[in-house]
Amino acid sequence: MLQKREKVLLLRTFQGRTLRIVREHYLRPCVPCNSPLCPQPAACRNDGKLLSGDVTHYVIPDWKIVQDYLEILEFPELKGIIFMQTACQAVQHQRGRRQYNKLRNLLKDARHDCILFANEFQQYCYLPRERGESMEKWQTRSIYNAAVWYYHHCQDRMPIVMVTEDEEAIHQYGSETEGVFVISFKSYLDNFWPDLKAAHELCDSILQSRRERESESPESHGKEYAEHLPLEVLEAGIKSGRYIQGILNVNKHRAQIEAFVRLQGASSKDSDLVSDILIHGTKARNRSIHGDVVVVELLPKNEWKGRNTALCENDNEDKASGEAPSEPMPTGRVVGILQKNWRDYVVTFPSKEEVQSQGKNAQKILVTPWDYRIPKIRISTQQAEALQDFRVVVRIDSWESTSMYPNGHFVRVLGRIRDLEGEIATILVENSISVVPFSEAQMCEMPVNTPENPWKVSPEEEQERKDLRRTHLVFSIDPKGCEDVDDTLSVRTLNNGNLELGVHIADVTHFVAPNSYIDIEARTRATTYYLADRRYDMLPPILSADLCSLLGGLDRYAVSVVWELDKAYEIKKVWYGRTIIRSAYKLFYEAAQGLLDGNLSVVDDIPEFKDLDEKSRQDRLEESNKTLADSLDNANDPNDPIVNRLLRSMATQAMSNARYFSTGSCAEEEFHHYGLALDKYTHFTSPIRRYSDIIVHRLLMAAISKDKRMEMKEKLFSNKDLEELCRHINNRNRAAQHSQKQSTELFQCMYFKDKDPETEERCISDGVIYSIRTNGVLLFIPRFGIKGAAYLKNKDGLVISCGPDSRSKWKPGSLQRFQNKITSTTIGGESVTFHLFDHVTVRICVQASRCHSDTIRLEIISNKPYMTPDTELFHQNPLLLKSELVKEVTRSMEEAQLAQEIKVNIIQEEYQEYCQTKGRSLYMLLEEIKDLALLDVSNSYGI
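Residues numbered from 1 in each chain as written. Predicted model: local features only at pLDDT ≥ 70, side-chain atom pairs only at ≥ 80, totals over all residues. Heavy atoms only, no water.

**Brief notes about the overall build of the protein chain**
Now for step 1: When its secondary structure is counted, the protein chain shows 26 helices and 34 strands.
Now for step 2: Considering the protein chain as a whole, with its 943 residues, one finds that 46% of them fall into the buried category. (Helix = DSSP H or I, 4+ residues; strand = E, 2+ residues; numbered from the N terminus. Buried < 20%, exposed > 50% of the residue type's maximum accessible area, 1.4 Å probe, protein only.)

See below:
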């Protein structure tokens, strides 16, 4: 039976008055305990994730431990963790949504042995806060009381260890209840996990960082963001329109100069602003970081500034370019931070010389984030010299008002700088992508398809589904080598002369039940991540590459949409439902287009036609000699196909990215999709790799299933939950796009980094100008699919000049920019003009960076097109060239790794045989030993 209680909150209003808010709070005798030792599992309704049955104890972290040591609690070795509701709410209120979502994902993850216990709704666990009791003391007391109840609830059969940093609580509760132990987190690791070295080192790093902060001058304590306005003032100002809320986006090319605040929430609807707000200089950011949700105060209009449009990366280059800024735009300064974007950051330690210059005993180190938009982070460590050749993950803890830099602590090592796997790991961390292997619990939910136990269509599904295997000719069209075929087509002529067109999509929802372990994992990933040389699937291979891949000649479950069209192609009927199909052909794009164009020579490349005689081929080909209506493409210039491709790319980039949204949270007039020129559009065809399509399939099935509608409806998301899920999916889609782009740029740099740009033929290529800027142009290199900037004015103020031989030189002069061209004129009167879509000869080189990612640099060496000896190369598809580029880089990296392994083996063999090495000096020997030691250390961090 429920017990009603009241929670009283005292809030101070903007006018200074105290507002008393009373909220109803209901208690119940049974809430899910999720323990296999539960004496009443039915009463507790333990139908979700359960704790492991093979642990020696349960551990309950106090609220402060959850806040400060969450990355250690994420270690899969730590088992039997019970997170109390009180601690989770403290994280939500104190650390913001990002940290809270991280905790929620940990609780949902089947790989981690942890559960949530709703202690504040349990009748015998809930403790009201006493008068005058601090929030922190009440939280610790509530968690301890819940730990005692949990111990007795499990019939005293499992010891409980509560870990806390509160020394008073350890002294008070340490020996109060037999079977419930209260100790510090450091003591817990020392006594229960002595061999978990990575956790110990991370714990030491956090403790050291905390001691450093506590040893700061007393006047700095409690003054974090002292220059920011109080929260109640910010909220009142946002409501009144005085302040504006948005997300801070730092310009990565001018991280020290420009940042923009993108309007968010009510600010975007109620404000008259139609553009982002410019934040000029780091001082106006007021210690906010890229990605923070900030509150901005607009400056007077006479102080508004224009953004720069030059090809430059810092203030010095701005001055050298001599450019005038664009028209003034709304400009402001940050007056408060509503939500911090503190996350895991990949950083690089200072070089050996920089560390030595700080002294041998230096412990406070400024590390440089891989992301230009993040300021340097101050951490305390004694491993700086040993880790200077590695990419390392750190986490920000605080930012005192007296410091120019935020404080953080060391988390883990990723890999060596410029090592392929280390750089890929960096890209994943920077985009918050987690790609750990699927867990045993998740794989146990998957169907089986082995030679010994092949998967078959079940008789029950044959009764439920429409069987199209013998009535419809189904085929797929995908790129060559595609393994995950998630959509197919069918076309046939009906007896009444009408045309029937069908689209058949893999029925992933049949295998992925709502709220199952694999469903939660797919929801967290939200998409399949495609990098240049690899991919990380949203679903296990048994689904993505097998049972949910509509391969030719195999029975598969599908969700189908079938249209009946009359001779004028008007829709007469539509049918939706679950089907059983068997695809007949697996076509690829080039073959399908060739058949449509009447080119029958491509049939030799279609696997299904290889073993057929000529007559059988003709009988099969008599969905193919029909011609399509010719369409004119105004951008189609047969003399320059490169420009055609560029125009389409530019048109696509000019459009804002499509976003997922819940229809209940948006006005119907905003449903349109500009890029597709459609009023309504939803993703439906790729549930293997997009979680959004799984949601759409479930909604569709719920809408058309009469008998099971109520049962299916209970498992659907509410509008509020769906809106939150859409934000998550949009975020993951952006991460997927960024990671794909960054991995492609990584391989491009690795391809060119060892090549001499002065002598290597592949470093000279043709380029096309696709954008004009005030001090340079943007180029597209079709041979390698590279886009980048080329300066026409350098840092010394010299401009480009092309003589009679068309070769470029740097001379004193000036630039004049027009709408579709830019002219360089020297003091001697020589001039050269570059037009939009001009072809020029470009030299490609790599600008190496130890702390950040390497970048491609383009230099115009002639204003004439580059005539390659292989004319066919000019017209090749960049995607094909990209695959060859990836293969060469991968091969060279594997050869380098093999050579390193051989070298290490030789050193070890010679040392074992002769106790010496062929190194030229003792110094070389020590360096080699140090390298070997570092390799061992990094392996312990999971490199």
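Anyway, onward from the coordinates.
**Regarding unusual backbone geometry**
Now for step 1: In this model, Tyr-569 sits at a positive phi of 65 degrees, which is unusual for a non-glycine residue.
Now for step 2: In this structure, Tyr-569 sits in the loop between β24 (555-565) and β25 (571-588).
Now for step 3: With a relative accessible area of 60%, Tyr-569 lands in the exposed category.
Now for step 4: With phi around 75 degrees, Phe-837 is a residue other than glycine that occupies positive phi space.
Now for step 5: Structurally, the position occupied by Phe-837 is in the loop between β32 (831-835) and β33 (839-847).

**Comments concerning the sheet that holds strand β17 (residues 407-416)**
Now for step 1: With mixed pairing, five strands are arranged side by side around a closed barrel as β13-β14-β15-β17-β16. Going from strand to strand, the sheet's axes swing by 55 degrees on average, the running direction of each strand aside.
Now for step 2: With eight bridges connecting them, strand β16 (residues 390-398) and β17 associate as antiparallel partners. Within the sheet, the bridge partner assigned to Phe-390 lies in β17 and is Arg-416.
Now for step 3: Of the strands in this sheet, β13 (344-348), β16 and β17 are in contact with helix α13 (residues 420-430), which crosses β17 at around 140 degrees. (Pairing = 2+ DSSP bridges. Axes fitted to C-alpha atoms, helices over the stretch in contact; angles between N-to-C directions. Contact = heavy atoms within 4.5 Å.)

**Focus on the state of the cysteines**
Now for step 1: All told, the structure shown has zero disulfides when counted by the stated rule.
Now for step 2: With no disulfide partner, Cys-44 has as its closest neighbouring cysteine sulfur the one in Cys-38, 3.6 Å distant. (Disulfide = S-S within 2.5 Å.)

**Overview of the packing of helix α16 (residues 517-525) against helix α23 (residues 719-752)**
Now for step 1: Two elements in contact, α16 and α23, have axes separated by 8 Å at closest approach and are oriented at 60 degrees. One element, α16, and the other, α23, form an angle in the oblique class. In this structure, α16 contributes Arg-523, Thr-524 and Arg-525 to the contact, and α23 contributes Leu-725, His-728 and Arg-732. (Parallel < 35°, antiparallel > 145°, perpendicular 65-115°, else oblique.)

**Some thoughts on the packing of aromatic side chains**
Now for step 1: Applying the stated rule across the entire model yields 14 aromatic pairs.
Now for step 2: Here the aromatic rings of Tyr-58 and Tyr-150 are separated by 6.0 Å at their centres, their planes lie at 80 degrees, and the arrangement is edge-to-face. With Tyr-58 in strand β3 (residues 58-61) and Tyr-150 in helix α5 (residues 135-153), the pair connects residues that are 92 residues apart, well separated along the chain. Each member of the pair Tyr-58 and Tyr-150 is classed as buried.
Now for step 3: Between Trp-455 and Phe-511 the ring centres are 6.2 Å apart and the planes differ by 55 degrees, which places this aromatic pair in the tilted class. Of the two residues, Trp-455 sits in the loop between α14 (440-443) and α15 (459-464) while Phe-511 sits in the loop between β21 (499-506) and α16, which places them 56 residues apart along the sequence. Here Trp-455 matches Phe-511 in class, with each residue buried.
Now for step 4: Taken together through their ring pairs, the aromatic side chains of Tyr-58, Phe-117, Trp-149 and Tyr-150 make up a single cluster. (Phe/Tyr/Trp six-rings, centres within 6.5 Å; stacked < 30°, edge-to-face > 60°.)

**Looking at the nonpolar core**
Now for step 1: Core analysis: the biggest nonpolar cluster contains 112 residues, and Tyr-58, Phe-83, Tyr-150, Phe-185 and Phe-834 have the highest contact counts within it.
Now for step 2: Tyr-150 has contacts with Cys-33, Asn-34, Ser-35, Leu-51, Tyr-58, Ile-82, Ile-115, Phe-117 and Ile-160, leaving out every residue within four places of it along the chain.
Now for step 3: Residues Val-474, Phe-511, Met-538 and Leu-547 belong to the second largest nonpolar core, which totals 34 residues. (Core = buried A, V, L, I, M, F, W, Y, C linked by side-chain atoms within 4.5 Å.)

**Considering the pattern of salt bridges**
Now for step 1: Tallied over the full model, the rule gives 43 salt bridges.
Now for step 2: As a salt-bridge pair, Arg-373 and Asp-371 come within 2.9 Å of each other at their nearest N and O atoms.
Now for step 3: The exposure class assigned to Arg-373 is partly exposed, which follows from its relative accessible area of 25%.
Now for step 4: Linked by salt bridges that have partners in common, Glu-462, Asp-467, Arg-469, Asp-555 and Arg-582 make up one network. (Salt bridge = Lys/Arg side-chain N within 4 Å of Asp/Glu carboxyl O.)

**Observations concerning the side chain of Asp-546**
Now for step 1: Here Asp-546 lies in helix α17 (residues 541-547).
Now for step 2: Residue classification places Asp-546 among the buried residues on the basis of a relative accessible area of 19%.
Now for step 3: Discounting residues that sit within four places of it in the chain, Asp-546 has contacts with Asn-449, Pro-541 and Arg-556.

**Some thoughts on the packing of helix α21 (residues 691-704) against α23**
Now for step 1: Viewed as axis vectors pointing N to C, α21 and α23 meet at an angle of 155 degrees, and their least axial separation amounts to 10 Å. Here α21 lies roughly antiparallel to α23, going by the angle between them. For the pair formed by α21 and α23, the contact residues are Tyr-691, Ser-692 and Ile-695 on the first element and Leu-722, Leu-725 and Ile-729 on the second.

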